[in-house]
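Chain residues, written in single-letter form:
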Amino acid sequence: MWEVLEMGDVAADLSSVCFESGLNDEEKNLLYLRARSAGLTFCGCAHAAFMYEATPGRVYDSTEDRDLCVGILGLGHLGKQLLLFLLEKTSIKPSHVKISTRRPEAAGTHKCKTRGVECFFDNRRLAAWADVLLLCCLPSHLPKVCADLHSRLSKHCLVYTFSSAVPATRLSVLLGHDYILKPQYEFLTCDAADLWLSCTQLTTAFTDPLLIEASCPLTMKGGISLGLSWVCAVLYSLLNTCTSASLSSSEALSLINNMFKEKWENTVQFNAQSFISSSYAASLPSDKPFPWISLTDVQTKETPLLRFLSSSKSVLQCISAAYKSQLETPAELHRNTPISIPYITVIPVLYFFNTFYVHLYI
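Residues numbered from 1 in each chain as written. Predicted model: local features only at pLDDT ≥ 70, side-chain atom pairs only at ≥ 80, totals over all residues. Heavy atoms only, no water.

Undergrad: Please set out helix α10 (residues 249–261) residue by residue, giving values where relevant.
TA: Spanning 13 residues, α10 covers 18 Å between terminal C-alpha atoms, matching the ideal 18 Å at 1.5 Å per step. Buried within α10 we find S249, A252, L253, L255, I256, N257 and F260. In this fold, the buried residues of α10 make contact with α9 (228–244), α11 (272–275) and α15 (313–328). (Helix = DSSP H or I, 4+ residues; strand = E, 2+ residues; numbered from the N terminus. Expected span 1.5 Å × (residues − 1). Buried < 20%, exposed > 50% of the residue type's maximum accessible area, 1.4 Å probe, protein only. Contact = heavy atoms within 4.5 Å.)

The following block contains the structure:
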């Protein structure tokens, strides 16, 4: 099913040999899964990229500055698509990407080496090196992979899981780690679901304004939707990034507000009460960091931020504008945009997990 994302349908004009001609009526009823699979991949990559680009791309300390290091664990269908997208559509440099796969020799067929991307088979080495870890493996490989990563992840390492097959609570047990973000996609009956079949080339599709619009987390189209709690978790994870970097609450709020400042003129400014309870906000000095926020609680309980976003149409419009602007901006402009946010410590890890059979577990 993933081939639809890599090449066009060469049998499109040959009805007798096209894919659908060999299906019985019962099997034809499942054809919608092709569009769903394409849509999930497109949206999953887009949302992970938004998370990545929303986090400042450089780490500063008193002695040096460096770009984030991105590790991809697994080079199957999803891993290849993520690698291609990262290299061509984001600010990442090839020298800051490494891959761990059971078949590192296969990387040569995808020009990894010629692009300057190192490929090997050592999950622990990758986890120890990466600031951002994209985990792309099958569910059957998950216990072994989690065993490799267990105790290798720092407390501030953000685990971003796209797999609907493994709940965040179960993944937390497998990893011995509790800082996990899991987008919960839902599916609706929709006449426009076939729009995702136009994703013949993933990186080309990301330049299509219609698909970018359809994938916007707050206004998704094509029969796929994503809850507001995901947006809350993204913002809380950014807040935790500031906390781990020892930024004061006033600095953290300034950072987050500046992210959206130029995207929507009617933006409502975030304040301490947007993220934490009024009583806690009242007692929090402006020169002290925010408390560490549990993302598990954020995604399962009502939070101050969820209430704030639900009542503020302007902020939601601003977030949507920021999302579209980020995806529509050429990679060259991302790379050439200077970043001047003073981070003191290494920022958390974005840990992304997907599965080839994701649609079977929904």
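Undergrad: Before we move on, could you go through the pattern of salt bridges and cite the residues and values that matter?
TA: Should their charged atoms come close, side chains of opposite charge can pair. Summed over the entire model, instances satisfying the criterion amount to eight salt bridges. Where K144 meets D148, a salt bridge forms, and the shortest distance between an N and an O atom there is 3.0 Å. Of this pair, K144 and D148 both sit in helix α5 (residues 142–149), separated by four residues, roughly a single helical turn. For D148, a relative accessible area of 11% corresponds to the buried category. In this structure, the salt-bridge partner of E302 is R307, at a minimum N-O distance of 3.3 Å. For E302, a relative accessible area of 57% translates into the label exposed. For R307, a relative accessible area of 42% corresponds to the partly exposed category. A cluster of three or more residues bridged by salt bridges with shared partners is formed by K98, E118 and R125. (Salt bridge = Lys/Arg side-chain N within 4 Å of Asp/Glu carboxyl O.)

Undergrad: Can you tell me about the nonpolar core, naming the residues and giving the values?
TA: If you look at the biggest cluster of nonpolar residues, it comprises 84 residues, and the most contacted ones within it are F270, F275 and L309. Counting only domains with at least three residues in this core, you end up with domain 1 (35–55 + 64–226) and domain 2 (229–329). Beyond its immediate chain neighbours, meaning those up to four positions away, F275 contacts L235, Y236, L239, L253, I256, F270, P304 and L305. C137, L142, V166 and L175 belong to the second-largest nonpolar core, a separate cluster that totals 18 residues. (Core = buried A, V, L, I, M, F, W, Y, C linked by side-chain atoms within 4.5 Å. Domains from an automatic or database assignment.)

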